[in-house]
Amino acid sequence: MPQPRSSQICLSDTPFYHCVSRCVRRSFLCGVDSYSGQSYEHRRGWVEERLLFLSSIFSIDICAYAVMSNHVHVVLHVDVQQVMAWTDNEVVERWHRLHKGTLLTQIFVRGDTLSQSQQLTLDDTIIEYRKRLHDISWLMGNLNEHIAREANKEDDCTGRFWEGRFKSQALLDDAALLSCMAYVDLNPIRTKIADTPEASKHTSIKKRLESITDLNTTPSLMSFVGNPRQDMPKGIPFSLKDYCELVDITGRIIRNDKAGHIDHQQQPILQRLGLSDDQWLTLTTEFEKHFCYAAGAEMMMNQFKAHTGHQRIRGMGKAKTLLRCA
């Protein structure tokens with residue numbers, strides 16, 4: 001049974017979420033249709049461009065993403081503090097980049113005078129816009145609706161393009177976050193459509209590697225900010241170098257279909273996560289298989305279950321064996 005979104009997203013437990021949208025049609029989201037021979041590969045660019053555009057409007061950072069043939073993975077970070085710090089004018093201007101708004105919001109951005117009653121109505125509208133600008137459902141809705149409209153226009157048809165609602169998983173600790181990001185970035189390698197991370201088109205790992213070699217590239221993804229410390233800046237609490245090396249080594253193990261051994265140079269980052277080599281490989285190749293609405297250490301999973309009203313959450317057994325607290 002589908003679960004209400006309130007039972008899948010709880011910002012008091014974590015700001016990090018893994019979301020997946022799957023295409024419902026035989027003709028696929030992207031790639032080549034084996035039946036007709038027609039290529040839809042250009043649609044990958046649509047999805048990537050739209051996703052990065054939305055991250056510049058919403059107070060939601062993108063940690064990782066991968067655009068596949070019939071589904072899209074994205075790891076998101078919700079920044080409530082940022083959206084609350086925006087001025088009313090900034091909130092309205094951001095919303096108008098996506099939607100027309102109301103007559104009152106249009107009057108407001110022009111700087112025209114509003115009556116007292118109009119101002120009260122406007123204030124309520126701005127409160128609602130502020131909520132939407134850090135709401136994962138609104139971001140995913142703006143992504144999926146836009147792509148569906150473009151695909152329907154290209155296919156000259158109507159009807160549903162995506163399966164129902166997008167799937168959401170709460171990432172409750174650093175181990176869950178990092179392993180899920182690697183799981184997402186390694187999707188093209190696991191499915192044998194790319195040989196290396198830098199050749200994995202329309203993924204966050206490729207964009208991060210491009211930003212390293214091209215200093216003119218504008219940062220569009222959430223930054224890696226190094227190991228946890230006092231006065232920690234906003235970002236992913238690991239180094240980009242460690243992450244890229246870990247993804248590369250894991251990808252080589254997956255591609256060769258061998259029981260692997262992580263290079264000894266990578267042990268410190270896994271030790272900080274409290275993971276063994278075998279645990280890491282299981283997480284980065286089977287993440288969705290073992291976890292449903294949330295992923296994290298057993299204690300974090302129990303807290304999330306209590307806060308969201310779940311009687312049980314699939315993955316508790318794996319949380320005990322794969323994601324023990326360090």
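The structure presented is a predicted model; accordingly, all values stated were derived computationally and were not measured. (Residues numbered from 1 in each chain as written. Predicted model: local features only at pLDDT ≥ 70, side-chain atom pairs only at ≥ 80, totals over all residues. Heavy atoms only, no water.)

**Considerations on unusual backbone geometry**
Okay, step 1: The residue K192 is not glycine, and still its phi comes out positive at about 65°.
Okay, step 2: By relative accessible area, which is 59% here, K192 ends up exposed.
Okay, step 3: Positive phi, close to 60°, is recorded for H202, a residue that is not glycine.
Okay, step 4: Structurally, the position occupied by H202 is in the loop between α8 (187-190) and α9 (204-213).
Okay, step 5: The exposure class assigned to H202 is buried, which follows from its relative accessible area of 19%. (Buried < 20%, exposed > 50% of the residue type's maximum accessible area, 1.4 Å probe, protein only. Helix = DSSP H or I, 4+ residues; strand = E, 2+ residues; numbered from the N terminus.)

**So, the side chain of H134**
Okay, step 1: Along the chain, H134 turns up in the loop between α5 (116-132) and α6 (136-155).
Okay, step 2: Owing to a relative accessible area of 14%, H134 belongs among the buried residues under this scheme.

**Some words on the sheet that holds strand β1 (residues 16-22)**
Okay, step 1: Ordered by their spatial adjacency, 5 strands build an open sheet running β2-β3-β1-β4-β5, and the pairing between neighbours is mixed. Both edges of this open sheet fall to β2 (60-67) and β5 (294-295), since each of them pairs with a single strand only.
Okay, step 2: As defined by bridge partners, β2 adjoins strand β3 (residues 71-78) across 7 bridges and the pair is classed as antiparallel. Of the residues in β3, the one forming a bridge with I60 is V78. (Pairing = 2+ DSSP bridges.)

**Looking at the packing of aromatic side chains**
The relation between two aromatic rings is expressed through the spacing of the ring centres and the mutual angle of the planes.
Okay, step 1: Summed over all chains, the structure comprises 4 aromatic pairs.
Okay, step 2: When the ring of W95 is compared with that of W138, the centres are 5.4 Å apart and the planes differ by 70°; the resulting orientation is edge-to-face. Within this pair, whereas W95 is found in helix α3 (residues 88-96), its partner W138 is found in helix α6, the two being separated by 43 residues in sequence.
Okay, step 3: The class for W95 is buried, based on a relative accessible area of 2%.
Okay, step 4: Taken together, W95, Y129 and W138 form an aromatic cluster joined through their ring pairs.
Okay, step 5: The ring of W86 has R94 lying over it, and the distance from NZ or CZ to the ring centre is 3.9 Å. (Phe/Tyr/Trp six-rings, centres within 6.5 Å; stacked < 30°, edge-to-face > 60°. Lys NZ or Arg CZ within 6 Å of the ring centre and 35° of its normal.)

**Concerning a nonpolar patch on the surface**
Okay, step 1: The grouping of L11, V80 and M84 at the surface amounts to a nonpolar patch, some 240 Å² of accessible area in total.
Okay, step 2: Relative to the helices and strands, V80 is located in helix α2 (residues 80-85). (Patch = residues over 30% accessible without salt bridge, like charges linked within 9 Å, V, L, I, M, F, W, Y side chains within 5 Å. Areas by Shrake-Rupley, 256 points an atom, 1.4 Å probe, with all protein chains shown as cover. Salt bridge = Lys/Arg side-chain N within 4 Å of Asp/Glu carboxyl O.)

**What to know about the pairing of β2**
Sheet faces and side chains relate simply in a regular strand, where the side chains alternate between the two faces.
Okay, step 1: With 8 of 8 residues buried, β2 lies mostly within the body of the structure.
Okay, step 2: Here β2 hands over to β3 after 3 residues, the two strands then running antiparallel side by side.

**With respect to the packing of helix α1 (residues 42-55) against α6**
Okay, step 1: Look at α1 against α6: their axes get within 10 Å of each other, and the N-to-C directions meet at 150°. When the interaxial angle is binned, α1 and α6 end up roughly antiparallel. Considering the relative orientation of α1 and α6, their crossing is right-handed. Of the residues in α6, those in contact with H42, R43, W46, V47, R50, L51 and L54 of α1 are L139, N142, L143, H146, I147, E150, A151, E154 and D155.
Okay, step 2: Its residues assigned to classes, the contact of α1 with α6 comprises 8 nonpolar, 3 polar and 5 charged. (Axes fitted to C-alpha atoms, helices over the stretch in contact; angles between N-to-C directions. Parallel < 35°, antiparallel > 145°, perpendicular 65-115°, else oblique. Left-handed = near helix turned anticlockwise from the far one by under 90°. Contact = heavy atoms within 4.5 Å. Nonpolar A, V, L, I, M, F, W, Y, C, P; charged D, E, K, R; others polar.)

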